[in-house]
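Notes for the structure review
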Amino acid sequence: MSEKNPITRRKFIKNTAIGGAALTIVPRYVLGRGMTPPSDMLNIAGVGVGGMGRANLINLAGQNIVALCDVDWDFAGKAFEKLGADIDRLEARMKQPPPSDQAQSQTRTGLNSSTPEQQLANMKRLYTEHWQKAKRYKDYREMLEKQKDIDAVVVATSDHMHTPIALAAMELGKHVYVQKPLTWAVAEARQLAKKAKETKVATQMGNQGHSSDEARLAVEYIQSGAIGEVREIHVWTNRPLGFWPQGIPRPQPLTVPAESLKWNGQGVDARLAASFAGNYPIPDTLSWNLFLGVGPEVTYHPIYHPFNWRGWVDWGCGPIGDMGAHLLDVSLWALNLGLPTSIETVCTPFNKVSFPNATQTFFKFPARGKMPAVSLTWYDGGLLPPKPEELGENEEVNKDGGVMIVGSKGKLMHDTYGLNPRLLPKSLAEATAKPAQTLPRIKSQNHELNWVDAAKSKTEASCPFDYAAQLTEIMLLGVVALRAGKKIYYDPASMRVTNVPEANQYLQREYRKGW
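Described in the following lines is the structure provided in the data block.

What follows covers the environment of Gln470. Relative to the helices and strands, Gln470 resides in helix H18 (residues 465-484). With a relative accessible area of 27%, Gln470 lands in the partly exposed category. Gln470 sits 277 residues away from Ala193 along the chain, and the two C-alpha atoms are 9.0 Å apart. If near-sequence neighbours (up to four positions away) are discounted, Gln470 is found in contact with Leu332, Gly338 and Leu339.

This is the structure in structure tokens:
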């Protein structure tokens, strides 16, 4: 398939639907004791494998990784070659004395629940086996059209391409794992949830905290009534500080002499945009057209890719898109929040192309049955809620990110991914017994392997698209309110903003010609 002559979506679906690969069933006894038959393995393809996709594939290395797709094989290739050094570091660390319990709790990221031994084995297998044998592609459409042995697809591209890739895979009956946020637009989230229901494939969004024991314990505390009625929630993250740039102008040469510009906000922005401007040729290893995908035509610049796309409206969803799924999850889950009916975002200056340096978003959720209405406030860019008095002078709010759920009897705080749930005040924590276990626990707390088991009909997916779509819609409505520049009132039933008609354009996007 030529990138310069892309096939249409209709032709792509027609061609790829003809003649699927037949499964080869090999009885377990033929292989001998301890061997896994091919019929018990998923053939997995990764799309977007240089960043979080690589981490997903490490956890999936016990399956068959048969295809790898990325628009930039220089960046992705370096990430995979770095596995050799990562393996050496992990082996050296495993030879050191184990850290204390306190040190372990301080270094947890929530990103990997495997034992070091299993992690090492997975990394070695991905590096020495899958990386060497898997077929490589730049265009996911070509991969799905040509390679018939794919059972499941991991999508870890920039946000704006999640939906077209996931849809193409599901239309072919492939199981799909999509990184958070599930989609770039609200309408896309509903579209993916609908397609997952129709196709009945196993789906999972990559908010791995949903599979952790600690997040489930937090939900059980709240649902058991430990903190009473909840009417107020505060959620914060330190993103984008130190992670990617935001609040900057698009690179653009000066259109007037520099000496004519004032040293005011507009003048400084113009000079800043000009300082980024320049003739940057597209690297030979990067397919810029495929990166742009369904997004608008934008001239290549290294400030956009790799990874920095997250801070640009064309391709990313900002801090709430990056961390919202990890932080809002427990509240939505425990309180059955549903969708908000009003959303307002205030922020530092926003130029409409790069997300602002910091935002504060106010969500209002209506009452649900006997549960009262809830006000939820989101903070990013280093903004924090007021410190709860119950923490005392010797403990501070976790500035990296966290959640404070305020109830009529007390508070529950947890860190990112739902980790480290604890009750406040101390007297409440001491007087409250651990709640009864009402939620199932995920085997090994491994989000990716839970999806694999769901694809094999062994269990249900931890965070399937029907739930993930609702979580994503909440996050993206914060972006809609930001772009609208006004408080919006939202009717979830009709998926419409009722008071600012022009804001409805931000609920979806028109795909670029040819996509």
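Once the structure has been displayed, the description carries forward.
Of all five residues making up strand S12 (residues 411-415), five are buried, and the element is well covered by its neighbours. Of the two faces of S12, the one lined by Lys411, Met413 and Asp415 and the one lined by Leu412 and His414 are each fully buried. Here strand S11 (residues 401-407) pairs with S12 via five bridges, running antiparallel. The residue bridging Ile405 from the neighbouring strand is Leu412, located in S12. Pairing of S12 with strand S13 (residues 422-424) involves three bridges; the strand directions are antiparallel. Looking at S13, one finds that Leu412 is bridged to Leu423. Linking two consecutive strands that pair antiparallel, namely S12 and S13, is a turn of six residues; a positive phi of about 70 degrees is found at Tyr417 within it.

Here we take up the pairing of strand S5 (residues 175-178). Looking along a regular strand, one sees the side chains alternate between the two faces of the sheet. Residues of S5 alternate between two faces, with His175 and Tyr177 on one and Val176 and Val178 on the opposite face, all of them buried. Relative to S5, strand S4 (residues 152-155) is paired through four bridges, and the arrangement is parallel. Counted as the bridge partner of Val155 is Val178 from S5. The parallel pair S4 and S5 is bridged by helix H9 (residues 162-171), and the resulting crossover is right-handed. Pairing between S5 and strand S6 (residues 203-205): three bridges, direction parallel. Considered in S6, the bridge of Val176 is made with Thr203. Running through helix H10 (residues 186-199), the crossover from S5 to the neighbouring parallel element S6 is right-handed.

Let us now look at the sheet that holds strand S3 (residues 135-137). A sheet is described by the order of its strands in space; here six strands give the open sequence S3-S2-S1-S4-S5-S6, paired in parallel fashion. Both edges of this open sheet fall to S3 and S6, since each of them pairs with a single strand only. Averaged over neighbouring strand pairs, the angle between their axes works out to 20 degrees when direction is ignored. The strands touched by H18 are S5 and S6; relative to S6, the strand with the most contacts, the crossing angle is about 30 degrees.

Taking strand neighbours across the sheet as the criterion, the nine strands line up as S13-S12-S11-S7-S10-S9-S8-S14-S15 in an open arrangement whose pairing is mixed. Each having just a single partner strand, S13 and strand S15 (496-497) make up the two edges of the open sheet. Together, strand S8 (342-347), strand S9 (359-365) and strand S14 (488-491) form the strand contacts of H18, whose direction differs from that of S8 by roughly 60 degrees.

Now for the packing of H9 against H10. Between H9 and H10, whose axes approach to 10 Å, the crossing angle comes to 10 degrees. Accordingly, the angle class assigned to the pair H9 and H10 is roughly parallel. Here H9 contributes Thr163, Ala166, Leu167, Met170 and Glu171 to the contact with H10, which in turn contributes Glu188, Gln191, Leu192, Lys195, Ala196 and Thr199. For the contact of H9 with H10, a count of residues per class yields five nonpolar, three polar and three charged.

Backbone torsion omega between Arg239 and Pro240 reads 5 degrees, so that peptide bond is classified as cis. In this fold, Pro240 is placed in the loop between strand S7 (230-237) and helix H12 (265-276). Here Leu424 and Pro425 are connected by a cis peptide whose omega angle stands at 0 degrees. Inspection of the secondary structure puts Pro425 in the loop between S13 and helix H16 (426-431).

All right, on to the packing of aromatic side chains then. A complete count under the given rule lists 14 aromatic pairs for this structure. Ring centres of Trp73 and Trp131 lie 6.0 Å apart, and the angle between their planes is 35 degrees; this geometry places the pair in the tilted category. A residue pair is termed long-range when its members are at least 10 positions apart, and Trp73 in helix H4 (residues 73-81) and Trp131 in helix H7 (residues 116-133) qualify at 58 residues. Exposure remark for Trp73: the relative accessible area of 17% places this residue in the buried category. Residue class for Trp131 comes out buried when judged on its relative accessible area of 3%.

Next up on the list: the side chain of His301. The topology assignment puts His301 in the loop between helix H13 (288-292) and helix H14 (318-327). For His301, a relative accessible area of 8% translates into the label buried. A distance of 2.9 Å separates the side chain of His301 from the backbone nitrogen of Ile303, its partner in a polar contact. The contacts of His301, once residues within four sequence positions are left out, are Pro251, Phe276 and Tyr280.

Attention now goes to the nonpolar core. Residues Tyr140, Met143, Ile233, Trp315, Ile405 and Ile488 are the most contacted members of the largest nonpolar core, which totals 109 residues. Among the elements that take part in this core, H18 stands out by supplying 14 residues, more than any other. With 29 residues, the next largest nonpolar core counts Ala61, Ala76, Phe80 and Ala461 among its residues.

Calculation rules
Residues numbered from 1 in each chain as written. Predicted model: local features only at pLDDT ≥ 70, side-chain atom pairs only at ≥ 80, totals over all residues. Heavy atoms only, no water. Helix = DSSP H or I, 4+ residues; strand = E, 2+ residues; numbered from the N terminus. Buried < 20%, exposed > 50% of the residue type's maximum accessible area, 1.4 Å probe, protein only. Contact = heavy atoms within 4.5 Å. Pairing = 2+ DSSP bridges. Right-handed = clockwise from strand over helix to strand, strands pointing away. Axes fitted to C-alpha atoms, helices over the stretch in contact; angles between N-to-C directions. Parallel < 35°, antiparallel > 145°, perpendicular 65-115°, else oblique. Nonpolar A, V, L, I, M, F, W, Y, C, P; charged D, E, K, R; others polar. Phe/Tyr/Trp six-rings, centres within 6.5 Å; stacked < 30°, edge-to-face > 60°. Polar contact = N/O pair within 3.5 Å; in protein donor to acceptor, adjacent residues only side chain to side chain. Core = buried A, V, L, I, M, F, W, Y, C linked by side-chain atoms within 4.5 Å.

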